[in-house]
Amino acid sequence: MSRPILPILVALTLPVPDLGRADPIILRFSHVVAEDTPKGLGALRFEELAEAYTDGAVDVQVFPNSTLYDDRHELEALQLGSVEMLAPSLAKFGPLGINQFELFDLPFLFADIDAVHKLTGGPVGLALMDSLEPRGITGLAFWDNGFKIMSATRPLRLPADFEGLPMRIQSSRVIAAQMEALGAVPRVMTLAETREALETGWVEGTENTPSNMLSQNIYEVQPYATLSSHGYLGYAVIVNSAYWEALPGNVRQDLVRALDEATDYANGIAAEKNAEALALIAEAGKTEFHELTASEREAWVAALRPVYADLREWLGESLIDVALSTLNLPPEGPSP
Ligand code: LMR
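Now for a quick tour of the structure. (Residues numbered from 1 in each chain as written. Predicted model: local features only at pLDDT ≥ 70, side-chain atom pairs only at ≥ 80, totals over all residues. Heavy atoms only, no water.)

## What about the site of the ligand?
Thinking step 1. As a matter of local geometry, the ligand sits amid 13 residues, with K39, K92, R168, Q170 and Y235 nearest to it.
Thinking step 2. Take N212: an N or O atom from its side chain is 2.9 Å from an oxygen atom of the ligand.
Thinking step 3. With respect to the ligand, the side chain of Y235 contributes an N or O atom lying 2.5 Å from an oxygen atom.
Thinking step 4. Across the complex, the protein chains shield 100% of the 270 Å² of accessible surface that the ligand would expose by itself.
Thinking step 5. A breakdown of the residues in the shell around the ligand according to their chemical character gives five nonpolar, four polar and four charged.
Thinking step 6. The residue makeup of the shell around the ligand includes at least three contributed by each of domain 1 (25-98 + 112-145 + 233-272) and domain 2 (149-231 + 280-325). (Near = heavy atom within 4 Å. Polar contact = N/O pair within 3.5 Å; in protein donor to acceptor, adjacent residues only side chain to side chain. Areas by Shrake-Rupley, 256 points an atom, 1.4 Å probe, with all protein chains shown as cover. Nonpolar A, V, L, I, M, F, W, Y, C, P; charged D, E, K, R; others polar. Domains from an automatic or database assignment.)

## Observations concerning helix α6 (residues 173-181)
Thinking step 1. For α6, the complete set of buried residues consists of V174, I175, A176, A177, Q178 and M179.
Thinking step 2. Of the residues flanking the end of α6, it is G183, one or two places downstream, whose phi is positive at about 95 degrees. (Buried < 20%, exposed > 50% of the residue type's maximum accessible area, 1.4 Å probe, protein only. Helix = DSSP H or I, 4+ residues; strand = E, 2+ residues; numbered from the N terminus.)

## Considering the sheet that holds strand β11 (residues 288-291)
Thinking step 1. With mixed pairing, the six strands of this open sheet are ordered in space as β7-β6-β8-β5-β9-β11. Unpaired on one side and paired on the other, β7 (185-188) and β11 mark the two borders of the sheet. The mean angle between the axes of side-by-side strands here comes to 25 degrees, regardless of whether they run parallel or antiparallel.
Thinking step 2. As paired strands, strand β5 (residues 149-152) and strand β8 (residues 205-208) are joined by four bridges and run antiparallel to one another. Within β8, the residue paired with S151 across the bridge is T206. (Pairing = 2+ DSSP bridges. Axes fitted to C-alpha atoms, helices over the stretch in contact; angles between N-to-C directions.)

This is the structure:
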């Protein structure tokens, strides 16, 4: 009787399944900045810790630099479950119908990073994260980038220097109002589009942190930059709620632990990464820096003060009142 050779050969060449181990749970984390930035490095640290703490039960896949979704599409993708985790800037929640995050865009609101943490770590931060739940999104952490500088094709010393200047902004009505109060013409576009728009002249200036200006090569086409620290850039780390709630409880706990540590790490390196980026931009020699003098700063603060009154309703009266009183600022906003 002939023997069935083929089934034996097939059995010998097939990989042996590991019956004791389930496939890992995939967690896609998409963001729009380069890896060597506070957010990029924070995401990689989360990946490393999450995989270690869950002993490989979760496979975190980080997609930097808008390679999976750009900032125009990422929130919708999160709601649809096409990606599980994001860290959009606080300036990008308006299109979701939640304007209140734009509070953080108010010009000259924060004296320093500790002031930012008074809001993110208190009732304002909690209320903002809670407001995401009805949209199917769970807010897990706030991450810092830092304070923004202004850049352009001309020097920007006084508000009059902004007259008619087309400026790229994020999709925030508060930032649009800020640019208009300075006399500029705000144009909303994604971070991925910004470098080219500056190069072609569709916009002539922008604002961002040094780490984004460097890693997106924005500085190469911006001969002037003003160290104004006029506004804050930070992020909310968010997940799709249905995905999050369906995770086994112990896995969720491990991910929270990993995220807490990644948050401390990202916030701990943010200032240093921006200082390093500023030094590298200066070294490249393509951008001339100007530090605002005290009287120039006063002129900016005075020109921007009306933004507080104009955007009260947009941001919500009670939220803005709580925020300003937490920061010991008058109801009309900071004075020159
Ligand atoms: C921008 O669009 O300029 C920033 O929000 C990018 C980012 O995520 O830091």
